[in-house]
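Chain residues, written in single-letter form:
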Amino acid sequence: MSSVMTALNDVAVKFMLDTGSSGGDKLDILKMMGNAGTYLKKFGNALMIIAGIVLVIIAVFQIVRGLAGGGRGQVNWVMSIACLLIGGMLLVGGWNMAAGFAAIGKDTVEEMVGQDINFTDFANDDGAGLDTPQLGASGNSAAPTG
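Bear in mind that the values here come from a model prediction, so they are computed numbers and not experimental data.

Caption draft 1: A look at the overall build of the chain. Of the regular secondary structure elements, the chain holds 4 helices and 0 strands. Listing the helices and strands of the chain from first to last along the sequence gives α-α-α-α. A burial count over the chain gives 14% of its 146 residues as buried. Contacts spanning at least 24 positions in sequence make up 38% of the contacts within the chain whose residues lie at least 6 apart. For the chain, the accessible area works out to roughly 11300 Å², and carbon and sulfur atoms hold 66% of it.

Caption draft 2: Structural view of the pattern of salt bridges. A complete count under the given rule lists 1 salt bridge for this structure. Note that Lys106 is salt-bridged to Glu110, the shortest N-O span being 2.7 Å. Taken together, the positions of Lys106 and Glu110, both in helix H3 (residues 77-113) and 4 residues apart, correspond to about one turn of that helix. For Lys106, a relative accessible area of 34% puts it in the partly exposed group. Here Glu110 falls in the buried class, since its relative accessible area comes to 14%.

Parameters and conventions
- Residues numbered from 1 in each chain as written.
- Predicted model: local features only at pLDDT ≥ 70, side-chain atom pairs only at ≥ 80, totals over all residues.
- Heavy atoms only, no water.
- Helix = DSSP H or I, 4+ residues; strand = E, 2+ residues; numbered from the N terminus.
- Buried < 20%, exposed > 50% of the residue type's maximum accessible area, 1.4 Å probe, protein only.
- Contact = heavy atoms within 4.5 Å.
- Areas by Shrake-Rupley, 256 points an atom, 1.4 Å probe, with all protein chains shown as cover.
- Salt bridge = Lys/Arg side-chain N within 4 Å of Asp/Glu carboxyl O.

Given below as structure tokens:
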């Protein structure tokens, strides 16, 4: 049990006090936040891989049960195939795949809105949000005038 506690203590110390190549032992909040992001990405990637393994195992079990049952049991084939596909994607892609999908979604929203979206701007926003197109001179049309 003490080896587990020692390992956890080493991880905690490295997480909080890692200052890179400077070699100092002072606490740097920005470095700590960077380390937290790195560890959360690693943890999220491992969690996605584990979820992928579980989904693939469930899908294979359902498919084998449906094929071996000879039509006696009910198997939701759509769910079985979906579990197999999604589990395989999570198993192979992990965090990088999720980040890629998020980037595609952000690009799509930016194309629809017509301007770049910077989420740090929302923290300092006055509550108005994104700029919206102004109505025409009569107030009932979005078409440009003149």
